[in-house]
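# Residue-level structure breakdown
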Amino acid sequence: MKIDFEVDGKTLIVKLDGELDYDAANDLKESLSGRLKNIWELVYDFEKLDYTSSAGIRILLENELLFKERGGLRFRNVNETIMKVFTMVGLDKVFIFED
C-alpha cells in the first residue's frame, strides 16, 4: 500500500492507495507516529483505497480516540465497498464522512 501525507496548517491529510491489510496497518501506524505531534485534525482520503482488514479498522479506531480530544477525524472519498464494511461494524455512526 502507498501512503501519502499532506499537511495543511494543523490538519494532516493521509491518502491511502491499495489495500489496508495487516502489514499495511502496521506501516500506517508507524508512519503516523512521528507526524501527529502538532496536528489538530486528521483526514483520511480513501479515493484509491480498495480494501481494509480488521487490522486497518483497529488503527482507524485508535486515531478516532486520539483525535476525539483534538479537532477530529474525518474521512473523504470512501467507496461503496469500504462503506459497507464500516456500516456492518457500526462505524458509520462513529466516523465523520465528507463528500
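Conventions used here
- Residues numbered from 1 in each chain as written.
- Predicted model: local features only at pLDDT ≥ 70, side-chain atom pairs only at ≥ 80, totals over all residues.
- Heavy atoms only, no water.
- Core = buried A, V, L, I, M, F, W, Y, C linked by side-chain atoms within 4.5 Å.
- Buried < 20%, exposed > 50% of the residue type's maximum accessible area, 1.4 Å probe, protein only.
- Helix = DSSP H or I, 4+ residues; strand = E, 2+ residues; numbered from the N terminus.
- Contact = heavy atoms within 4.5 Å.
- Phe/Tyr/Trp six-rings, centres within 6.5 Å; stacked < 30°, edge-to-face > 60°.
- Salt bridge = Lys/Arg side-chain N within 4 Å of Asp/Glu carboxyl O.
- Polar contact = N/O pair within 3.5 Å; in protein donor to acceptor, adjacent residues only side chain to side chain.
- Pairing = 2+ DSSP bridges.
- Axes fitted to C-alpha atoms, helices over the stretch in contact; angles between N-to-C directions.

## Things to note about the nonpolar core
By size, the foremost hydrophobic cluster in this structure holds 26 residues, and its most contacted members are Val14, Leu16, Leu28, Leu42, Tyr44, Phe46 and Phe86. Among the elements of the structure, β2 (11–20), α1 (22–33), β3 (41–52), α2 (54–68), β4 (72–76) and α3 (80–88) are those that each provide at least two residues to this core. No other element matches α2, which puts 5 residues into this core. Excluding residues within four positions of it along the chain, Val14 makes contact with Ile3, Asp4, Phe5, Leu28, Leu32, Leu42, Val43, Tyr44 and Asp45.

## Examining the packing of aromatic side chains
Summed over all chains, the structure comprises 10 aromatic pairs. The interplanar angle of 40° and the centroid separation of 6.3 Å between the aromatic rings of Phe46 and Phe86 together place this pair among those described as tilted. With Phe46 in strand β3 and Phe86 in helix α3, this pair connects stretches of sequence that are 40 residues apart. This pair shows no difference in class: Phe46 is buried, exactly as Phe86 is. An aromatic cluster is defined as three or more aromatic residues linked by ring pairs; in this entry it consists of Tyr44, Phe46, Phe75, Phe86, Phe95 and Phe97.

## Remarks on the pattern of salt bridges
Tallied over the full model, the rule gives 9 salt bridges. Arg74 serves as the salt-bridge partner of Glu98, at 1.6 Å between the closest nitrogen and oxygen. With Glu98 in strand β5 (residues 96–98) and Arg74 in strand β4, this pair connects stretches of sequence that are 24 residues apart. What emerges from the salt-bridge pattern is a single network uniting Glu41, Arg74, Arg76 and Glu98.

## Here's the deal with the environment of Arg58
Turning to its location among the elements, Arg58 is positioned in helix α2. Of the residues examined, Arg58 reaches a relative accessible area of 33% and is grouped as partly exposed. Spatially, the C-alpha atom of Arg58 lies 9.9 Å from that of Tyr22, the residues being 36 residues apart in sequence.

## Digging into α3
The backbone nitrogen of Thr81 has a side-chain oxygen 3.0 Å away, supplied by the residue at the start of α3, namely Asn79. Trailing α3 by a residue or two, Gly90 shows a phi angle of about 85°, which is positive.

## Overview of the sheet that holds strand β1 (residues 2–8)
Spatially, 5 strands are ordered β1-β2-β3-β4-β5 in an open sheet, and the strand pairing comes out mixed. Taken across any chain shown, the strands that pair with only one partner, and hence form the sheet edges, are β1 and β5. Put simply, the sheet's adjacent strands are angled 25° from each other on average, direction ignored. In this structure, β2 lies alongside β3, joined through 9 bridges in parallel fashion. Counterpart to Gly18 in the pairing with β3 is Leu49. Contacts from α1 reach β1, β2 and β3, with the element oriented near 165° to β2.

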